[in-house]
Structure formats: C-alpha cells, structure tokens
Amino acid sequence: MKHLRLLLVLSVVLLQNCVQNDIVEDRIEEKLSFNTSLQELTIKGTFQYTTKYTNNVGEVQTPTIIWTSSNPDVITVSNSGLVTALKIGTSIITATAITTDGKAVSSENEITVVKAESKLEIDNLLQDITINTTHQYTTTYTNDLGEVETPQISWSSTNPAVLSVSSSGLITAIALGNATITASVTINGNIFSFEDVLTVVGVAERLTINNPITELNADTSQTHQYTTTYTDQTGQTQTPQITWSSSDTSIASISSTGIITAVSIGSVTITASVTLNGNTTTDQNTITITGSAPKEKTGTIKTTSSYPLSGTFTLKEIPNTNDLELIVNADYNASTALPGLYLYITNNPNSVGGAKEIQKVAVFNGAHTYIIKDTGIDDYNHLLYWCKPFSVKVGDAEIK
C-alpha cells in the first residue's frame, strides 16, 4: 500500500514538471511590426500606417498603439498613425503597444522628407464650351517645398480664331472647332505649363414665332401676319425659307408667307418649320377661332303620294359663305320607280313656282349631302320633292 502511494506522488510531481516545462518552451516574444514602412515622404504629403501585434503565445491582437515622432517639426503623427511631412528633414516614427503585463513593445521607422516636384495646374478644366460664351480659368502653382505661390501666368491658344484667351486666362468661344489652351510660368529659368484641350460646340438651332396670338374672329375672316426669327448653331440669325401649316384648314388657313385667316369656330395649331442640313426645327402657335355659331335647322321628309319617301335632315350655314349644307340622314329612303325626281327648296310646298331647284335626286337610300349656293338659312321654309315629267308633288318637309 505504501509503495502504491509513493508511485502516485512521484507521478503527480513528474506531470507538473512536464507541463511547466511545456508552457515555458511555448512562450514567444511579443512583437509589433509595421504592415508597410517608408523611407521617403514628399513634403506636404501624408501616409497612414497600419500595424500588426502578436502576443507571447503568437495570437494576433489589437492593443492601443501610442505614436510618436522624434522630430515633429519635420513629421507629425496622429493618434491613428497618420503622418504628415511638414519640412525637409528626417524623423523617426515610433509605434508602441503596452502588453497586459505592462511591458512596452515598440517598432520604429525612419523617414526622410524630400522636396516635391514644382507644378502648375489649371483648377477648372473644361471638355467643351458653347460658342459665344466665356470661361475664366484659375490656376495653382506649387513650389518644391509644397508651398502655393502666385507667379505671373502666361496664356496662349493654338487656334485663337476658334478660342481666344486673355492675359488673365479668360477664354472666349468664337467659332466651332478645337483649340488647346496653355498656361505657363517660368521660375528660376524652368518652365512649368499645363494644357486644356477644348472643343467649341454649337447651340441648338432655334425657330421662334415672334408674334403669336391667342384668338381670331371668323365672322370677319380676320387675318394675322406672322413673323419669325431663326438662329443657327453658331447663334447667328439667318433668314431661311419658312414652311407653314395648319392643323385644320377648315378652322384657319395659313399662306406660304405666314398669313393666317380665320375660317370657322374652333381651335387650331399653326406650325412654322425650317429644314436645313437634314435637321428640322419648328415652333407652334395654338389659336382659338371665335365668331357666331352657324345656324342649323332640321326637318322630317314625308311622302305625299303613293310612292315611298321618308327620312330626316339637317340644314345648316357654311361659315364665311352665303351657302347652305343640306345633310340627309341615314334613315332616308325614296322610291326608285319615279322618273325625273327633283329636289327644291321653297316657301310654297305645293308648287315649284318661286322655288329654287337644288338638283335631280340621284340617291334613293341612306345618308347624302347637297350644297345650296347663295341661299340664306331663313330664305325658305320647306323642301319639296317633285316629279318633273308628270309635274306632280311626291313629298315635302318643313324646315324648322
């Protein structure tokens, strides 16, 4: 029994010694390193450091990093590791992490601040500019210490007939085309320049009706003479041939020279157009044509004989004329057995004496129309259907 206890004690001691030895052997040195380091930084330039920290068992952790610069007048460093080069010189940037047991782990990077390349830049470049417009350039000149200076700038254009430039950098688009504008400055015998390649583009072609109107009166066949202005893509006024059209010539007509004439009540759109080089440019004017509404009367046709004759009709004035339109409706039906059937308009439905002959009846079924010339709507009060060969009345209709 005593031997068994002794063996157990010895086993425990040996196991503890082995574990302690393994822990000691597994420990490594804490390490803080820069993911990227620098040797040189251009004056006024910046750089953002990133770091990697591993603890004593090789685990990657993210402790708080303390940043310092050995020469902050040359290079400053922020709490996040952003360095900024202030002037020519050298500085050592140090990143330090404090371990959980209070140990400081650091890494260093020495940086030399070098001069920059002097440069001249146009701040507000353009790709194109519209003809007959201007643009004021501004520039920035930076010396080799990263300092902005304001020297005298010289300006030039490769094509001043297209794009001119003043001594102050004001460009003016004169004609369609391309040009290169160059800004330059001479410092200590060295020339610095910057270019902007530009295209002068045209404006949209435009046709304008100068004197649009809102209404005309049809009772007096009122007229109006339009005038127009056309500008091409260079912005110049031209006088091309204008084409005129009306959306409804029964309401208003338009001449080839742009004279509109009111015809009847309604709304109409007048269009002016120009076609040049395959491009059509238009302008429109919508007008209300006013006036007295044309009179209308109606009636019902009935037979006064043994022959079928029936239907309804509308008699109305034709605007701006002394003519009438007689519209016989679709319900009209007449016998085709009657020879020489004629239609009259009259004040005596029993005789053709004093009546006005419209014409010989040629349609015996369905809708059709007659034009009665030089007749007022109140001149007669009846339609009369009359068989000429037998001189007999076939039917009539009162005009109401």
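Novice: I'd like to hear about the overall build of the protein chain, residue by residue, with values.
Specialist: Along its length, the protein chain carries one helix and 39 strands. In summary, the protein chain has a C-alpha radius of gyration of 51 Å against a globular reference of 21 Å for 400 residues, an excess of more than 25%. Viewed in the frame of its principal axes, the protein chain has a C-alpha envelope of about 160 × 95 × 30 Å. Each of the 400 residues in the protein chain was classed as buried or not, and the buried ones make up 35%. Taking all contacts inside the protein chain whose residues are at least 6 apart in sequence as the whole, residues at least 24 apart take part in 56%. Put simply, the protein chain shows about 22,500 Å² of open surface, and 50% of that area lies on carbon and sulfur atoms.

Novice: Which residues make up the pattern of salt bridges, and what are the values?
Specialist: Applying the stated criterion across every chain, the model contains eight salt bridges. The salt bridge partner of K373 is D323, with a shortest N-O separation of 3.4 Å. Here K373 is found in the loop between strand 37 (368–372) and strand 38 (382–387), whereas its partner D323 is found in the loop between strand 32 (309–317) and strand 33 (324–328), with 50 residues between them in sequence. On the accessibility criterion, K373 (52% relative accessible area) is exposed. Here the salt bridges share partners, and the residues they tie into one network are K295, K297 and D378.

Novice: Before we move on, can you summarise the environment of N79 with the specific residues and values?
Specialist: One can find N79 in the loop between strand 7 (75–77) and strand 8 (82–85). Residues N79 and H382, 303 residues apart in the sequence, show an inter-C-alpha distance of 109 Å. If we skip the residues at most four places from it in the chain, N79 touches I65 and W67.

Novice: Describe the environment of E59, listing the residues and the values that go with them.
Specialist: Its place among the elements puts E59 in the loop between strand 4 (51–54) and strand 5 (60–61). Through-space distance from the C-alpha of E59 to that of E30 is 9.4 Å; in sequence the pair is 29 residues apart. In this structure, E59 is in contact with Y53 and T54, ignoring residues within four places of it in sequence.

Novice: Account for the nonpolar core, with residues named and values stated.
Specialist: L326, L383 and Y385 are the most contacted members of the largest nonpolar core, which totals 25 residues. At the level of secondary structure, the elements contributing two or more residues to this core comprise strand 32, strand 33, strand 35 (341–346), strand 37, strand 38 and strand 39 (392–398). For L383, the residues in contact, after removing those within four places along its chain, are F313, L326, L343, Y344, I345, I358, G395, D396, A397 and I399. Ranked by size, the runner-up nonpolar core spans 22 residues in total, among them F34, I43, V77 and A116.

Cut-off values and rules
Residues numbered from 1 in each chain as written. Predicted model: local features only at pLDDT ≥ 70, side-chain atom pairs only at ≥ 80, totals over all residues. Heavy atoms only, no water. Helix = DSSP H or I, 4+ residues; strand = E, 2+ residues; numbered from the N terminus. Rg over C-alpha atoms; globule rule 2.2 N^0.38 Å. Buried < 20%, exposed > 50% of the residue type's maximum accessible area, 1.4 Å probe, protein only. Contact = heavy atoms within 4.5 Å. Areas by Shrake-Rupley, 256 points an atom, 1.4 Å probe, with all protein chains shown as cover. Salt bridge = Lys/Arg side-chain N within 4 Å of Asp/Glu carboxyl O. Core = buried A, V, L, I, M, F, W, Y, C linked by side-chain atoms within 4.5 Å.

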